[in-house]
Number of protein chains: 2
Amino acid sequence: MSLLVTGSIGIDTVTTPYGVSENCLGGSSVYFSMAASFFTPVRLLGVIGLDCPFDLAEVFAGRDVDLTGLEVRPQSKTFRWKGTYHDNMNDRRTDYLELNVLAEAPPEVPGAYRDSKYVFLANTAPALQIQLLQQVQDPVFAAADTMDCWIKDELDDLKRLLKKTDCLIINDGEARMLADEHNLIKAAEKILDMGPTVVIIKKGESGSMVCKGSGERFILPAYPTAEVKDPTGAGDSFAGGFMGYLAQVGKTDFDSLKTAVAYGTVAASFTIADFSLTGLSSISKSDIDGRFETLRKLTHF
Amino acid sequence: MSLLVTGSIGIDTVTTPYGVSENCLGGSSVYFSMAASFFTPVRLLGVIGLDCPFDLAEVFAGRDVDLTGLEVRPQSKTFRWKGTYHDNMNDRRTDYLELNVLAEAPPEVPGAYRDSKYVFLANTAPALQIQLLQQVQDPVFAAADTMDCWIKDELDDLKRLLKKTDCLIINDGEARMLADEHNLIKAAEKILDMGPTVVIIKKGESGSMVCKGSGERFILPAYPTAEVKDPTGAGDSFAGGFMGYLAQVGKTDFDSLKTAVAYGTVAASFTIADFSLTGLSSISKSDIDGRFETLRKLTHF
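What you are looking at is a predicted structure, and each value in this text was computed from that prediction instead of being measured. (Residues numbered from 1 in each chain as written. Chains lettered and ligands numbered in written order. Predicted model: local features only at pLDDT ≥ 70, side-chain atom pairs only at ≥ 80, totals over all residues. Heavy atoms only, no water.)

**Quick word on the pairing of strand 11 (residues 198–202) of chain B**
Residues and elements named next belong to chain B.
Line of reasoning, step 1. Within strand 11, five of the five residues are buried, which leaves the element mostly enclosed by the surrounding structure.
Line of reasoning, step 2. Because side chains alternate across strand 11, one face comprises the buried residues Val 198, Ile 200 and Lys 202, and the other comprises Val 199 and Ile 201, equally buried.
Line of reasoning, step 3. For strand 11 and strand 12 (residues 208–212), the ladder comprises five bridges, and the chain directions are antiparallel. Among the inter-strand pairings, Lys 202 is bridged to a residue of strand 12, identified as Ser 208.
Line of reasoning, step 4. Remark: five residues form the turn of the hairpin made by strand 11 and strand 12, two consecutive strands paired antiparallel; Gly 204 in that turn has positive phi of roughly 60°. (Buried < 20%, exposed > 50% of the residue type's maximum accessible area, 1.4 Å probe, protein only. Helix = DSSP H or I, 4+ residues; strand = E, 2+ residues; numbered from the N terminus. Pairing = 2+ DSSP bridges.)

**Some remarks on the sheet that holds strand 8 (residues 118–121) of chain B**
Residues and elements named next belong to chain B.
Line of reasoning, step 1. Ordered by their spatial adjacency, nine strands build an open sheet running 5-4-1-8-9-10-11-12-13, and the pairing between neighbours is mixed. Looking at the sheet topology across the chains shown, the edges are occupied by strand 5 (65–73) and strand 13 (217–220). The sheet shows a mean angle of 15° between the axes of neighbouring strands, taken without regard to direction.
Line of reasoning, step 2. Of the pairings in the sheet, the one linking strand 8 to strand 9 (residues 141–145) comprises four bridges and is parallel in character. Note that in strand 9 the partner of Val 119 across the bridge is Ala 142.
Line of reasoning, step 3. Together, strand 10 (167–171) and strand 11 form the strand contacts of helix 6 (residues 172–179), whose direction differs from that of strand 10 by roughly 115°. (Axes fitted to C-alpha atoms, helices over the stretch in contact; angles between N-to-C directions. Contact = heavy atoms within 4.5 Å.)

**Looking at the packing of aromatic side chains**
Line of reasoning, step 1. Summed over the entire model, instances satisfying the criterion amount to 14 aromatic pairs over all chains.
Line of reasoning, step 2. With centroids separated by 4.9 Å and ring planes inclined at 70°, the aromatic side chains of Phe39(A) and Tyr263(A) adopt a geometry described as edge-to-face. Residue Phe39(A) is located in the loop between helix 1 (28–36) and strand 4 (42–49), and its partner Tyr263(A) is located in helix 9 (residues 254–271); the two are separated by 224 residues in the primary sequence. The same class applies to Phe39(A) and to Tyr263(A), which are both buried.
Line of reasoning, step 3. When the centroid spacing of 5.3 Å and the interplanar angle of 70° are considered together, the rings of Phe301(A) and Phe292(B) count as edge-to-face. Taken as a pair, Phe301(A) in the segment after helix 11 (285–299) and Phe292(B) in helix 11 (residues 285–299) lie in two separate chains rather than in one. Across the pair, exposure class does not vary: Phe301(A) and Phe292(B) are buried alike. (Phe/Tyr/Trp six-rings, centres within 6.5 Å; stacked < 30°, edge-to-face > 60°.)

**Considerations on the nonpolar core**
Line of reasoning, step 1. Phe120(A), Phe141(A), Ile169(A), Ile200(A), Phe242(A) and Met243(A) are the most contacted members of the largest nonpolar core, which has 66 residues in total.
Line of reasoning, step 2. At 10 residues, the largest contribution of residues to this core is made by helix 9 of chain A.
Line of reasoning, step 3. Aside from chain neighbours lying at most four places away, what touches Phe120(A) is Leu4(A), Val5(A), Thr6(A), Phe32(A), Ala143(A), Ala144(A), Asp145(A), Ile169(A), Asp236(A), Ala239(A) and Met243(A).
Line of reasoning, step 4. Grouped together as the second largest cluster of nonpolar side chains are 58 residues, Val30(B), Phe32(B), Leu56(B) and Val210(B) included. (Core = buried A, V, L, I, M, F, W, Y, C linked by side-chain atoms within 4.5 Å.)

**Thoughts on the relation of the copies chain A and chain B**
Line of reasoning, step 1. When chain A is fitted onto chain B, the two copies agree to an RMSD of 0.0 Å after a turn of 180° and an axial shift of 0.0 Å. Viewed as a symmetry operation, the transformation between the two copies matches a two-fold axis. Minimal C-alpha separation from the rotation axis in chain A is found for Ser206(A), amounting to 2.6 Å.
Line of reasoning, step 2. Comparing interface residues between copies, 100% of those in chain A also sit at the interface in chain B, which points to an isologous, same-surface contact. (Least-squares fit on C-alpha atoms with pLDDT ≥ 70 in both.)

**Remarks on the sheet that holds strand 1 (residues 3–6) of chain A**
All names here are of chain A.
Line of reasoning, step 1. Ordered by their spatial adjacency, nine strands build an open sheet running 5-4-1-8-9-10-11-12-13, and the pairing between neighbours is mixed. Sheet topology places strand 5 (65–73) and strand 13 (217–220) at the edges, where each strand pairs with a single neighbour. Ignoring which end each strand starts from, the neighbouring axes of this sheet average 15° apart.
Line of reasoning, step 2. Pairing analysis gives five bridges linking strand 10 (residues 167–171) to strand 11 (residues 198–202), with the strands arranged parallel.

What follows is the structure, given as structure tokens:
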């Protein structure tokens with residue numbers, strides 16, 4: 001089934017203990033699309049300025065990523081982010097942030113995208129996420145990401161968004177903040193009460209948890225990897241693998257959600273093994289399936 | 001098969017956000033024995049002073065816990081610990097510690113215990129752990145716990161211990177410290193190189209990881225529970241469920257290790273649900289088996 005992602009396209013400079021990657025391609029919609037394209041065709045919605053040095057058609061060559069929704073604004077500049085990861089790779093510092101085109105009006109969802117059935121609203125102001133979602137006629141499964149600043153400053157908008165989305169994908173710290181509850185099981189239950197039927201809490205190297213309103217629960221560790229060079233894009237790759245699989249099978253029953261989370265976990269494990277998109281773009285679907293089977297073997301008893 | 005535990009018996013005062021438990025029964029060998037007794041007979045080795053207000057025969061009434069190795073020293077005082085857990089239940093502060101009888105010579109392993117096949121050496125000075133293990137004639141599977149102070153101050157002894165034990169059970173922070181390596185996969189591999197054939201790394205609410213020298217790996221999340229009243233004894237209950245199951249089946253192949261870790265995880269989940277031993281002592285084997293099946297369902301995809 002059709003899968004739409006709305007999110008950022010960025011020029012990133014990332015420093016980790018393994019090196020520096022200067023002015024490389026980044027952004028939530030890019031990581032998401034790369035991961036999801038292993039499973040299903042993707043429709044990308046995003047905006048760049050004329051300064052963007054990357055040809056996305058080339059980046060996604062050989063993959064079924066529809067760039068009808070890629071808007072280039074001649075008067076604008078592309079989003080830029082510079083960040084540093086510290087030794088333990090869990091904490092990162094934003095060295096600078098230029099919102100540029102992201103501070104302007106969001107792109108319109110093109111007519112050809114409006115029948116999308118699966119929708120991922122990557123992190124941005126919740127009011128914009130609502131505005132984007134409203135342009136999709138009849139979504140089957142809409143998932144959203146968010147972050148601490150919106151929980152703090154735009155909570156009413158975020159709560160309105162949660163009433164309109166089927167799934168919230170959020171990290172553990174943000175879940176605790178949104179629910180005002182330290183225990184993650186209780187936090188997930190409180191978030192389910194806010195509207196979505198599915199909450200996925202990402203816990204970094206501790207894996208993830210899926211909670212469905214009906215009382216169904218699933219917990220999966222992260223894929224254990226000795227190679228973590230650059231965690232940037234892990235969350236969006238996770239979402240890409242997750243939504244890509246769901247759109248591929250066209251089902252959102254609990255068994256499908258569990259398989260989808262395992263594929264998301266695997267996609268993220270490839271992303272963090274190298275800088276920018278290299279970890280994801282250098283592999284094939286059979287690498288993903290191989291690691292999926294390994295993850296199953298690692299966790300079953 | 002016979003299972004011996006050597007460890008502390010203590011009088012604990014524990015404060016958590018859920019309340020205070022004053023002068024309650026604690027100690028590694030007590031939590032371990034309670035958890036392991038659901039699976040197999042246990043031989044307890046430990047020392048108390050005459051001041052100990054607890055009748056361990058009564059505590060373990062109806063359970064197959066052999067107290068031949070319980071030594072009461074009339075001139076000594078029982079080990080005491082007072083600690084406080086903070087809001088997130090992960091960090092704890094030791095308010096005071098009276099080693100008392102634990103600062104004296106360790107107990108001798110009684111003749112009737114010397115043929116024990118499964119041995120758990122709870123946390124103490126590694127030189128003492130070696131001394132205790134040497135009194136067991138022909139152990140099949142010996143596991144040890146340790147902690148940061150021994151890694152820092154008694155590393156040579158600890159390394160000697162690791163050459164004599166089959167399994168080290170250690171938490172994530174200690175594993176990183178011992179291996180001088182942040183990545184836990186690499187840390188486990190470095191610890192395996194120090195001697196044991198099995199390393200189990202406990203990651204608190206993030207679960208645990210089993211690494212065997214032969215390249216076999218297993219990862220299990222913690223049992224997701226909304227009730228965490230007192231984390232004291234979680235690690236020793238985990239070890240008790242783990243070793244208890246292994247001694248019960250008399251096997252240490254990788255499938256048995258995986259099942260054993262799942263039982264350890266379940267035992268720990270009951271311990272933390274209430275103060276002192278209440279969480280563990282108030283349940284039956286069928287509660288453990290029920291949660292074991294739930295854990296399987298929660299993690300399989």
